[in-house]
Structures are given as structure tokens and as C-alpha cells.
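Coordinate inspection notes
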Amino acid sequence: METPHRLCDPNQSFVSLGTPVLAPLSSRATGRIIQNLLNFRAYRRDAMLNPTQQIMRLGFGFAVSQALRVIIELGIPDLLAVNGQSVDQLAAASQSDAGALYRVMRLLAPEGVFQEVSPRHFELTDIGAALRSDRPGPRDFVRMINSEPYLAFEQLLHSVRTGKPAFDKVFGSPRFDWLSQHPEQAALFQHAMVALSQGNNEDVADAYDFKQFTRVVDVGGGHGQLLSAILARNPHLNGVLFDLHSGVAAARQSAGGDLPRTEFVAGDFFERIPAGDVYVIKKVVHDWDDGHAAVILRNCRKAMLPNGKVLVAETLVPPGDEPNQIKGIDVVMLAVTGGLERTKAQFAGLFDAAGLRLERVIETRGSISILEACPA
């Protein structure tokens with residue numbers, strides 16, 4: 001599962017606490033500003049609460065999450081896209097109960113999604129505008145994470161006690177097996193992952209020098225956006241998009257039937273991987289525990305042409321106890337897929353188990369990093 005990095009457009013201003021960022025910034029700079037603003041906002045708010053109140057607020061986090069899903073399903077951000085409206089108008093347009101809708105919107109207003117400009121009359125904020133239907137990324141992510149993953153997370157205790165994903169217990173099969181049997185949810189998952197990759201594909205393609213290579217294999221490449229970005233910047237390269245049959249079919253469709261200089265190969269990366277001299281694996285390794293992840297990397301090592309490289313693009317877990325979204329994503333991975341987010345040291349050990357050696361970590365403009373490995 002590709003996991004969330006930024007739920008805003010780094011090329012647009014971001015407003016929080018009434019403070020606009022007026023100039024376009026790099027995705028890394030924007031991410032830091034947003035994180036700092038949110039941290040400050042949370043600190044200012046929570047500093048007024050006693051410890052019991054702070055714990056109570058944390059415990060009600062599920063209410064905010066589900067409230068976001070509800071207002072998306074009702075289309076409230078679209079209804080407020082142009083002008084503010086009363087709750088009665090919104091309820092009539094969305095076929096919902098005005099009193100209940102007001103209570104949900106009142107919950108989300110202090111979180112910055114709406115602004116109650118007069119009693120029971122709301123306007124959409126810049127944050128809330130990210131949930132409009134013409135900006136599908138955040139919408140799809142909120143809808144996806146608040147469906148079956150949300151139900152699985154209720155059994156997080158099972159995962160902590162056993163080390164196994166709660167999803168399997170709740171739904172009777174592993175996450176990706178379940179998605180293969182539920183095409184509508186699988187499509188939503190793919191849309192959410194594509195949206196959450198916005199900016200990351202370009203960050204990876206820009207940050208690494210592919211001049212020495214001739215054939216790049218995108219392992220678990222999904223819709224092919226990363227491979228497309230790499231090939232566009234490196235006209236000397238040929239590409240292989242390798243994924244399950246459903247992934248390859250989706251890639252062909254989203255690319256209008258083909259990608260330039262690309263061979264589409266369907267298969268299972270736990271069995272074999274096509275030959276190439278550089279492998280890119282973005283937001284795939286984190287879906288799996290160490291045993292399964294090592295098999296994927298080992299298969300890359302077996303298929304690799306002489307002097308080849310493996311490039312794993314993931315968000316590293318930073319040291320210390322500072323707030324960071326990747327730490328929350330890590331626990332979601334525990335409950336939903338059985339995977340994990342890793343530190344640099346954990347990746348080094350994983351590469352070693354696969355017959356590879358971590359050579360360096362390349363930072364990108366965004367939150368994602370490139371871990372370059374070669375045969376040990």
C-alpha cells in the first residue's frame with residue numbers, strides 16, 4: 001500500500017492559523033511548513049487542556065476521521081465550492097438531516113475543514129477545498145482508509161499481541177488477496193495510491209542519475225506514473241512495467257494503451273522478476289514483513305544484469321519522538337497489511353538478507369528517499 005505524504009498541492013499557497021504561504025515552494029519545504037503549522041496549532045490548542053482532557057481528545061480521533069468520510073460521501077465540499085450556505089440548504093441538497101449534519105460540520109470546523117461564519121452557516125476553507133471532487137486525491141484516500149482498513153484497525157490489539165495483520169482476522173484473507181476479489185474497492189485503493197504519489201514520482205525521477213543504465217524495471221509499478229516520469233527524463237532508457245495482471249491492465253488503460261519504450265510484463269514478484277540493470281521499487285517494500293520483502297529484493301538480485309542497482313523509494317522513519325505522519329502510517333501497516341515502515345538501519349539489514357548492500361541514501365525534494373543497493 002502506498003501510503004500518504006501530502007494532502008495538499010505544493011504549488012499552491014497553504015493557509016493555516018490565518019497565515020498564508022504566498023510563494024510556491026518545493027514539496028519538501030511545503031511539507032515542513034505544514035507540519036510545523038499543524039504542530040503549533042495542536043500545541044496551542046492542547047496546551048490549554050489538562051492531561052485527562054488531552055487523552056480524551058486523542059481518544060476521539062476516530063470521530064474526526066469518520067466525519068471526513070461522511071461529508072465527502074454527502075458531497076458537502078462540492079456544495080460549498082463557490083459560496084457559503086446554511087446547514088438547512090446543505091441538508092436539502094445532500095438529502096441528509098440538518099441537525100445531524102450541523103453536528104458533524106461543527107466537529108470539523110475547529111479542525112480547519114469549514115468555517116462557521118454565522119450561526120449554522122458555513123464556508124469552505126482551503127483545507128476543506130482539498131476534499132472537492134475535482135481534487136480526487138485526498139477524497140479517495142479518506143474514503144479508502146475509512147472503509148475496510150478502518151474496520152481492521154479496530155482489532156489493532158490482535159496485531160500487537162500476535163505481530164500479525166488484523167485485516168486477515170476481520171476479513172478472512174490478506175489485504176491484497178481481498179482486494180483482488182473486490183474490484184470496486186481495489187479501484188478506490190488504486191486511485192488513492194495514485195493520488196498519494198503526486199509529486200513523489202517526479203521527486204524520485206529528478207533525484208537519481210540514470211545515465212549509466214539502459215533498462216529500468218519498475219517492480220510493482222501500478223499505473224506506471226513513476227516509470228513514465230523516469231523515461232521522460234531519460235530518453236536513452238527502455239522500461240519494463242512489472243506488476244500483477246490487474247496492475248498491468250490498469251497501466252495500459254491509464255496510459256492510453258501504451259507507454260513509450262515500455263514492455264508490460266505481468267507476474268508475481270515473489271516468484272520471478274524480469275531482467276534489467278536498474279530496479280525501482282517505490283512504496284512496495286513497506287507493504288510486507290521482512291521475510292516477504294527480502295524475497296522481493298532477492299528476486300531482483302537474481303535477475304539483475306552485471307553492475308546493476310536496486311533503488312527502493314520509501315519514506316524513512318526518523319529517530320526521536322517528534323511528530324511525523326510516517327509513524328502513524330507504520331501502525332496502519334501493522335494492522336492492515338502486516339508490513340512496516342523502516343529506519344535506515346532496518347533497510348540495511350533487509351538488503352543484507354537479500355544479498356545486497358546499501359550503498360547510499362539519496363534525499364529527494366519531498367518526504368520520500370531513495371535507498372540505493374548493489375550486489376553484496
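Further up the page is the structure itself.
Below is a short write-up of the structure. Small disclaimer: the values here were computed from a predicted structure and weren't measured. (Residues numbered from 1 in each chain as written. Predicted model: local features only at pLDDT ≥ 70, side-chain atom pairs only at ≥ 80, totals over all residues. Heavy atoms only, no water.)

**A look at the overall build of the chain**
Applicable threshold: Counting from the N terminus, the helices are DSSP H or I runs at least four residues long and the strands are E runs at least two residues long. Here, two residues are considered to be in contact whenever any of their heavy atoms come within 4.5 Å of each other.
A count of helices and strands for the chain gives 19 helices and 12 strands. Counting contacts in the chain only where the partners sit at least 6 residues apart, residues at least 24 apart contribute 63% of the total.

**With respect to helix α13 (residues 183-196)**
What counts here: Residue count minus one, scaled by 1.5 Å, sets the expected span of a helix. Exposure classes here rest on a 1.4 Å probe applied to the protein chains alone. A residue is buried below 20% of its type maximum, exposed above 50%, and partly exposed in between.
The terminal C-alpha atoms of α13 lie 20 Å apart, and with 14 residues this matches the ideal 20 Å at 1.5 Å per residue to within 8%. Burial in α13 covers these residues: A186, L188, F189, A192, M193, A195 and L196.

**Focus: the sheet that holds strand β9 (residues 276-282)**
Operational definition: At least two bridges found by DSSP between two strands are what make those strands a pair. Angular values range over 0 to 180 degrees, each being the angle between N-to-C directions of two axes fitted as lines to C-alpha atoms, with helices fitted over their stretch in contact.
Across the sheet, 7 strands lie side by side as β8-β7-β6-β9-β10-β12-β11; this open sheet has mixed pairing. A strand with exactly one partner marks an edge of an open sheet, and here the two such strands are β8 (262-266) and β11 (356-363). Neighbour-to-neighbour, the strand axes of this sheet turn through a mean angle of 20°, independent of strand direction. Looking at chain direction, strand β7 (residues 238-243) and β8 are connected through 5 bridges and run parallel. Bridge pairing in β8 links D243 to A266.

**Describing the pairing of strand β5 (residues 121-124)**
Burial along β5 is one-sided: the face carrying F122 and L124 is buried and the face carrying H121 and E123 is not. Across 2 bridges, the pairing between strand β3 (residues 85-86) and β5 is antiparallel. Residue pairing for β5: S86 is matched across the bridge by H121.

**Section: the pattern of salt bridges**
Where we set the bar: Throughout this description, the term salt bridge denotes a Lys or Arg side-chain nitrogen within 4 Å of a carboxyl oxygen of Asp or Glu.
Tallying each qualifying case throughout the model produces 15 salt bridges. Note that D206 is salt-bridged to R233, the shortest N-O span being 2.5 Å. Of the two residues, D206 is situated in helix α14 (residues 200-207) and R233 in helix α15 (residues 225-233); the sequence distance between them amounts to 27 residues. A residue is classified by how much of its surface remains accessible, and D206, at 39% relative accessible area, is partly exposed. Between K309 and E359 there is a salt bridge, with the nearest N and O atoms lying 2.5 Å from each other. Of this pair, K309 sits in strand β10 (residues 304-314) while E359 sits in strand β11, and the two are 50 residues apart along the sequence. Salt bridges sharing partners connect three or more residues here, namely D203, D206, R233 and R365.

**Brief notes about the pairing of strand β6 (residues 215-219)**
Keep this limit in mind: The handedness of a crossover follows from its direction of travel: if, with the strands pointing away from the viewer, the path from the first strand over the helix to the second runs clockwise, the crossover is right-handed.
β6 sits mainly inside the fold: 4 of its 5 residues count as buried. Taken together, the 5 bridges between β6 and β7 define a ladder with parallel strand orientation. Its bridge partner lying in β7, V217 is registered against V240. Chirality of the crossover, the property in question, places the unit of β6, α15 and β7 among those that are right-handed. Pairing of β6 with β9, which is carried by 3 bridges, proceeds in the parallel orientation. Following the sheet pairing, V216 is matched in β9 by V278.

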